[in-house]
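# Examination of the molecular architecture
Residue-level listing of the chains:
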Amino acid sequence: MNKTEQEQVLAHELAHVQFGHTWDVLFYEFLTAILWLQPLVWLMKQELRDVHEYQADAAVVQQHQPQQYTTLLSREVLLNMGLPIGSHFTKPQILKRLRMLQKLNQQQDWLRPC
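This report concerns the structure included in the present document. Everything numeric here is computed off the predicted structure, so don't read it as measured data.

## Digging into the overall build of the protein chain
- In terms of regular secondary structure, the protein chain is built from 5 helices and 0 strands.
- Reading the helices (α) and strands (β) of the protein chain from amino to carboxyl end gives α-α-α-α-α.
- For the protein chain, the residues scored as buried account for 29% of the 114 residues in total.
- Considering only contacts in the protein chain between residues 6 or more positions apart, those separated by 24 or more positions represent 68%.
- A total accessible area of about 8,300 Å² is found for the protein chain, and carbon and sulfur atoms account for 63% of it.

Written out as structure tokens, the structure is:
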């Protein structure tokens, strides 16, 4: 990775720290340990992780170009694939993140003055 890409990854991880996502994750890990038979807790835990990723991605694109960051995410997924049976793009989280970044980029384009 070049320096810009390293800064983007670092900004993403720092956003998780700044938003206090560790505490949310620990709380839901505790809940799932106690209420492990309750399917709603598992669903809420997954949604919380998605929201955390959206928030961290939004923090990155405030500092960097959305297109560059989207390219970095896509490339990292493709490099980590190796020779899988399926595709990492079939995993809903990466697709959701890329769609959210695309929507965020479209909103920013719409809000920019002519």
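Continuing now.
## A closer look at the packing of helix 1 (residues 3-18) against helix 3 (residues 39-63)
- It is the contact of helix 1 with helix 3, at a shortest axis distance of 8 Å, that shows an interaxial angle of 130°. Taken together, the axis directions place helix 1 and helix 3 in an arrangement best described as oblique. As for how helix 1 packs across helix 3, the hand of that crossing is right-handed. Of the residues in helix 3, those in contact with Q8, A11, H12, A15 and H16 of helix 1 are H52, E53, A56, D57, A59, V60 and Q63.
- Grouping the constituent residues of the contact of helix 1 with helix 3 by class yields 5 nonpolar, 5 polar and 2 charged.

## Examining the side chain of E53
- Among the secondary structure elements, E53 is positioned in helix 3.
- Here R97 takes part through its side chain, which lies 3.4 Å from a polar atom of the side chain of E53.
- Non-local contacts of E53, meaning those with residues more than four positions away in its chain, are made with H12, H16, Q93 and R97.

Calculation notes
- Residues numbered from 1 in each chain as written.
- Predicted model: local features only at pLDDT ≥ 70, side-chain atom pairs only at ≥ 80, totals over all residues.
- Heavy atoms only, no water.
- Helix = DSSP H or I, 4+ residues; strand = E, 2+ residues; numbered from the N terminus.
- Buried < 20%, exposed > 50% of the residue type's maximum accessible area, 1.4 Å probe, protein only.
- Contact = heavy atoms within 4.5 Å.
- Areas by Shrake-Rupley, 256 points an atom, 1.4 Å probe, with all protein chains shown as cover.
- Axes fitted to C-alpha atoms, helices over the stretch in contact; angles between N-to-C directions.
- Parallel < 35°, antiparallel > 145°, perpendicular 65-115°, else oblique.
- Left-handed = near helix turned anticlockwise from the far one by under 90°.
- Nonpolar A, V, L, I, M, F, W, Y, C, P; charged D, E, K, R; others polar.
- Polar contact = N/O pair within 3.5 Å; in protein donor to acceptor, adjacent residues only side chain to side chain.

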